Amino acid sequence: MTRTQVAIVGAGPAGLTLAHLLRRQGVEAVVLERRTRAHVESRLRAGVLEQPTVDLLRELGLAARLDAEAMTHRGVRLRFAGATHRLDLSGLTGGRAITIYGQHELVKDLIAARLADGDPILFEVDEVELSGLDADPVVRYLRHGRRRELRCSIVAGADGFRGVTRGYLPGTVFEQLQPFAWLGILARTAPSSDELVYAAHEDGFALHSMRGPALTRQYVQVPPDVDVAAWPAERIWQTLRRRLGHGDGLDLPVGPILDVTVAAMRAVVTEPMRHGRLFLLGDAAHIVPATGAKGLNLAVADAAALSYAIGAWAGGAPAELDRYSSRCLDRVWRTQRFSVWLSQLTHRLPGEDAVDRRLRETALSELVSCPHTGAAFAERYVGQPLPTPWWWNG
Ligand code: FAD
Ligand code: DHB
């Protein structure tokens, strides 16, 4: 049996960011992770960091490799009705931008920095069970064949959508499945554009993104019940070329496909994000549809808010813990609205007719032609300021 102040379940972006923020405030934490270090460091997921996420990582001194290797994008391309338009993100937001950096690279950096600090991350932890959540939490788990107990004052549930901690919340779960999914394609090809291209084609959505100078990450809209076997490389390239406008300012080279996955598009929110001494953050508390790349950034915003509340509690101001859930949920629902709206604006919806399509194209056209509409979009796309400072000075 061991004891710590905060038990963090899950070593994804949410749990690891929280662990670093707590350390800066002198709060002790143990991170428990189900998978191996190699697994979490190679798991392919999101790739877009908002400006507030990058600012936070820099303030924490965790952005050295990111600053050396990541790509800064000051604009984004929207393609619809047969033409590609550029939205000047930096011009519309007073100089802010997005940063392209694979989630697994960020996770690698956060793990390396925590271990270099001499702080614990326990990998390969199984059968996590929680008890005593009203006052005196205990986390029981199995590791390397031995059952163990960790006593703590607070449990942070950062174990993602398929984790166990969300099952301990008695609250309401709001859930909506979008009527489309993404086929995610990682290919060894050079990016064809220096900025992301979101395409709302009449056949369906496509997205051209990247992970480095010789690696592209692209997505095509597919039905939720897609059979991946029906998508051989040739069909993937043909679809990407057609939807993204190959030959019209974008030359998409064909190259080796390294990975193909299907991602469902879900909107999920758990309310409240707290039960007694258990606090949920990141995907454990909510999922947003992927369009706009908000999931990882929302996880980091939750971590900032929770570290603030825990820092306040440790400094003798426990009421901040009571404010955590409502503070986060405000941002969560605003982000949910943005992600659902952008998804529905850019995807072909089942049963849509020519009028629906024209209305979508008109809304997209307003985004790139009206400075007010464009600025409102750009503000949300590059990321709104974090809900709290991440420090607590008592
Ligand atoms: P996670 O990253 O899921 O981390 C949770 C951690 O908890 C994991 O390491 C997991 O192994 C661990 N864990 C789970 N169960 C247990 C347990 N019982 N005990 C201990 N540890 C446990 N977002 C985008 O913006 N763009 C994208 O393209 C995109 N693609 C995605 C693709 C996939 C397949 C998935 C699942 C998500 C994707 N997302 C994307 C969403 C984004 O990656 C998430 O929002 C982000 O990972 C949230 O971070 P997190 O730390 O909350 O959760
Ligand atoms: C990526 C994912 C997104 O959901 C998005 O909107 C933009 C880029 C990506 O994985 O690179």
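Residues numbered from 1 in each chain as written. Chains lettered and ligands numbered in written order. Predicted model: local features only at pLDDT ≥ 70, side-chain atom pairs only at ≥ 80, totals over all residues. Heavy atoms only, no water.

Per an unreviewed UniProt entry, the recorded name for the protein chain is 4-hydroxybenzoate 3-monooxygenase, and the organism is Pilimelia columellifera subsp. columellifera.

This paragraph deals with the sheet that holds strand S4 (residues 48-49). Sheet architecture is open: 3 strands sit in the order S4-S8-S5, paired in antiparallel fashion. A strand with exactly one partner marks an edge of an open sheet, and here the two such strands are S4 and strand S5 (71-73). With 3 bridges joining them, S5 and strand S8 (residues 98-100) adopt antiparallel strand pairing. If you follow Thr72 over to S8, its bridge partner there is Thr99. (Pairing = 2+ DSSP bridges. Helix = DSSP H or I, 4+ residues; strand = E, 2+ residues; numbered from the N terminus.)

This part takes up the site of ligand 2. Close contacts around ligand 2 come from 14 residues, with Tyr198, Ser209, Arg211, Tyr219 and Ala290 the closest. Contact distances for ligand 2 include 2.5 Å between an oxygen atom and a side-chain N or O atom of Ser209. Tyr219 is positioned with one of its side-chain polar atoms (N or O) 2.6 Å from an oxygen atom of ligand 2. With the chains in place, 97% of the 290 Å² that ligand 2 exposes on its own is no longer accessible. Contributing elements (two or more residues each) for the shell around ligand 2: strand S16 (204-212) and strand S17 (215-222). Per element, the largest residue contribution to the shell around ligand 2 is 3 residues, and it comes from S16. Considered class by class, the residues forming the shell around ligand 2 number 8 nonpolar, 4 polar and 2 charged. (Near = heavy atom within 4 Å. Polar contact = N/O pair within 3.5 Å; in protein donor to acceptor, adjacent residues only side chain to side chain. Areas by Shrake-Rupley, 256 points an atom, 1.4 Å probe, with all protein chains shown as cover. Nonpolar A, V, L, I, M, F, W, Y, C, P; charged D, E, K, R; others polar.)

Here the bond from Glu271 into Pro272 is cis, since omega is -10°, no more than 30 degrees from zero. Positive phi, close to 50°, is recorded for Glu127, a residue that is not glycine. Of note in this structure, His144 is not a glycine but carries a positive phi near 50°. With relative accessibility at 57%, the residue His144 sits in the exposed group. (Buried < 20%, exposed > 50% of the residue type's maximum accessible area, 1.4 Å probe, protein only.)

Okay, the site of ligand 1 next. Near ligand 1 there are 29 residues, and of these Glu33, Arg43, Arg45, Gln103 and Asp283 occur at the shortest range. Pro13 is positioned with one of its backbone polar atoms (N or O) 3.1 Å from an oxygen atom of ligand 1. The side chain of Gln103 places a nitrogen or oxygen atom 2.7 Å from an oxygen atom of ligand 1. When ligand 1 sits alone it has 990 Å² of accessible area, and the protein chains cover 85% of it. Elements represented by at least two residues in the shell around ligand 1 include exactly helix H1 (13-24) and helix H8 (295-314). The element that contributes the greatest number of residues to the shell around ligand 1 is H8, accounting for 3 residues. Of the residues that constitute the shell around ligand 1, the class distribution is 14 nonpolar, 7 polar and 8 charged.

What follows deals with the packing of H1 against helix H6 (residues 103-116). It is the contact of H1 with H6, at a shortest axis distance of 10 Å, that shows an interaxial angle of 35°. Relative to H6, the crossing made by H1 is left-handed. Here H1 contributes Pro13, Leu16, Thr17, Ala19 and His20 to the contact with H6, which in turn contributes Gln103, Val107, Leu110, Ile111, Ala113 and Arg114. Classifying every residue of the contact of H1 with H6 gives 7 nonpolar, 3 polar and 1 charged. (Axes fitted to C-alpha atoms, helices over the stretch in contact; angles between N-to-C directions. Left-handed = near helix turned anticlockwise from the far one by under 90°. Contact = heavy atoms within 4.5 Å.)

Taking strand neighbours across the sheet as the criterion, the 8 strands line up as S7-S6-S15-S16-S17-S14-S18-S21 in an open arrangement whose pairing is mixed. Every interior strand has two partners, whereas the edge strands, strand S7 (83-87) and strand S21 (286-287), have only one. Alignment of strand S18 (residues 257-271) against S21, held across 2 bridges, turns out to be antiparallel. Counted as the bridge partner of Val268 is Ile287 from S21. Taken strand by strand, helix H10 (residues 354-369) contacts strand S6 (76-80), S7 and strand S15 (197-201), and its axis lies near 150° from that of S6.

Let us now look at helix H11 (residues 371-382). Given a rise of 1.5 Å per residue, 12 residues ought to cover 16 Å, and the 16 Å separating the end C-alpha atoms of H11 matches this to within 8%. When H11 is considered as a whole, its buried residues turn out to be Gly374, Phe377, Ala378, Tyr381 and Val382. End-on view of H11: buried residues confined to an arc of 120°, all on one side of the axis. Gly383 sits one or two positions beyond H11 and adopts a positive phi of about 110°. (Expected span 1.5 Å × (residues − 1). Arc of directions from axis to C-beta.)

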